Structures are given as C-alpha cells and as structure tokens.
Amino acid sequence: MDVVSALRAQEGVTCVVGAGGKKTTMRTLAVELGRAVVTATVRIPIFDDWAGRVVVTDDPVAALREAEGDPDAWPLGVVPEREREDRYLGYELDAIDGLAARDVPVLVKADGARMRRFKAPNEREPRIPGCADTVVPIASAHVVGEPLSEGLVHRVEEVASLTGLEPGEEIRPADVAAVLASDEGGLKGVPDGATPIPLVNMVDDDALEASAREIAAEIHERADVPRVVLAEMRADEPIVDVV
C-alpha cells in the first residue's frame, strides 16, 4: 500500500497531529499527491522550499482558484500571515471549510509539538476542523526505551496523566499506544465521521520495527481504528508496514 492510500489522504481533508514527523509526513503526502493544498490551523514552520507556491492570504479559496490553471503552483501552500522569519500562522477552523468544498486534497497541520517526538494535547489542542475526513495522530518509535522527559516529549504532564508514568521513567510501547489511542490523546477532537489512522514514524531499524509492531497491537486493543501505519517518512519508500 502506498503512503497516500495508507493514510487515506487521496481526497478530502487530512489533519496531522501529535509529534515525531508531522511536517515530514505532510511534505511526503503533498509531493506524492502533487495537486494538493497544504495549510495549518496552528503555527507552521516555513515550507516554501518544497511547496510549488505559498500564498499569504485571508482568502485561501481565492488563492486555490487562481492556482488551478498553473501546474507550477502545486503543491499549493496557503497561510494567513507570516509571523516571523521561520514560521507562518494558521487559519481559524472555519477557513478550512471553504477549501474542503473544492475538489482537491487538503493537508492540515492541526497542533504543535516544538520539535519533540511524542506528545499529548493540552486543553486548547488539537485544532481540528469539523470538515476533517482523516486524522493522523503521530508518534516517533524512537521514544521507546527513553525517559519521559522534556527533551523528547512535549507536555510531559499530560503524557504522564494518560500513561501513569512518572517523569524520568522509561517509555514503553504500551505507553505510546495509550496516548495515541486515547480520546484525550491522539484521538482527541476527531470529528464524527472522520477516520483516525495512527502513524508510528521513524521506524528505521529492526528493533524499532519490533517496538512499532507492539505499539500497533496495543492500539488495536484500545481503539477502533482501521489500521496503524508504520513508516520512515524520510525514506524514498516510507511505508514499513500497515497493521
């Protein structure tokens, strides 16, 4: 199964949340899709280097219409404002509705993680629009065996609450699964009718693959998801397996 099909991103609105590869996943999907819109409901680092065009606009639908006849515009990035040299701001949720009505896949970064590899949301996150068709909660396999600490984990207290771990204790596959499969973790804010597809990323050796398979099995025990995707999104062939 190819990465676009595995993450069900070939049509509609796909939102990525969590930590450990959101931007890389969006880039991989956008490049594979070609004709896709890339946007955010939260801050997003500058991505002009891999988008065909990035338009800063209050009217993303108009930007989409203008790009439709230009093959060099795709993947098309739309953002409301450049906050500073290294990042853009994201849209209000209702701005995504207009994009969802167009016949083009839309990829949305819907929370932040400050470059960490594992996270749980706080009370203000995630920012998933109601028009989302697919939600992809992400975690890095690299956190397994590492301590629950701010160096690797965004919102340590929230992760501790969902897993029962104490700060500094070793993160196990079951702990990653507990967060990804929780209605207060990776599945928080998934709209009715949307499909959640957890992604375990950075699976780049045999030991990590074994850990990722444990995570996938635990997720299926805890949550009703159609599949769990194991991947290395930086690789030329990113899919390791679909469980």
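Computed from a prediction, not measured in an experiment: that's the story for all the values here.

Asks: Tell me about the overall build of the chain, and name the residues and values.
Replies: When its secondary structure is counted, the chain shows seven helices and 15 strands. Relative to a compact globule of 243 residues, whose C-alpha radius of gyration would be 18 Å, the chain shows 17 Å and is just as compact. A total of 243 residues make up the chain; the buried ones form 53% of that total. In the chain, the proportion of contacts linking residues at least 24 apart, taken out of those at least 6 apart, comes to 72%.

Asks: Could you give an account of the layout of surface pockets, naming the residues involved and the relevant values?
Replies: The space that makes up the largest pocket amounts to roughly 960 Å³. Mapped by element, the contributors of at least two residues to the lining of the largest pocket are helix 2 (22–33) and strand 3 (44–45). Within the lining of the largest pocket, the residues separate by chemical class into eleven nonpolar, nine polar and 17 charged.

Asks: Quick rundown of helix 6 (residues 173–180)? Include the residues and the values.
Replies: Think of an α-helix as 3.6 residues a turn; residues three or four steps apart then line up on the same face. Most of helix 6 is tucked away, with seven of its eight residues classed as buried. Within the span of helix 6, buried status applies to Pro-173, Asp-175, Val-176, Ala-177, Ala-178, Val-179 and Leu-180. At its buried positions, helix 6 is contacted by strand 9 (118–119), strand 10 (134–140), helix 5 (156–163), strand 13 (199–201) and helix 7 (206–222).

Asks: Before we move on, can you summarise the environment of Val-159 with the specific residues and values?
Replies: With respect to the helices, strands and loops of the structure, Val-159 is situated in helix 5. Each C-alpha atom of the pair Val-159 and Phe-118 lies 8.6 Å from the other, and the pair is 41 residues apart in sequence. With sequence-adjacent residues up to four places away left out, Val-159 is seen in contact with Phe-118, Lys-119, Ala-120, Leu-148, Val-153, His-154 and Val-179.

Asks: Hey, could you go over the pairing of strand 8 (residues 106–109) for me, with residue numbers and the actual values?
Replies: With burial as the criterion, each face of strand 8 is covered, one bearing Val-106 and Val-108 and the other bearing Leu-107 and Lys-109. Here four bridges tie strand 1 (residues 13–18) to strand 8, and the two strands are oriented parallel to one another. Across the sheet, the residue bridging to Cys-15 is Val-108, located in strand 8. As judged from the four bridges shared by strand 2 (residues 37–40) and strand 8, these two strands associate in the parallel manner. Along strand 8, the bridge assignment pairs Val-38 with Leu-107.

The rules behind these values
Residues numbered from 1 in each chain as written. Predicted model: local features only at pLDDT ≥ 70, side-chain atom pairs only at ≥ 80, totals over all residues. Heavy atoms only, no water. Helix = DSSP H or I, 4+ residues; strand = E, 2+ residues; numbered from the N terminus. Rg over C-alpha atoms; globule rule 2.2 N^0.38 Å. Buried < 20%, exposed > 50% of the residue type's maximum accessible area, 1.4 Å probe, protein only. Contact = heavy atoms within 4.5 Å. 1 Å grid on protein atoms, 1.4 Å probe; cavity = no way out; pocket = protein on both sides within 12 Å on 5 of 7 lines; lining within 4 Å. Points joined across faces, edges and corners; volume = space filled by probe spheres on them. Nonpolar A, V, L, I, M, F, W, Y, C, P; charged D, E, K, R; others polar. Pairing = 2+ DSSP bridges.

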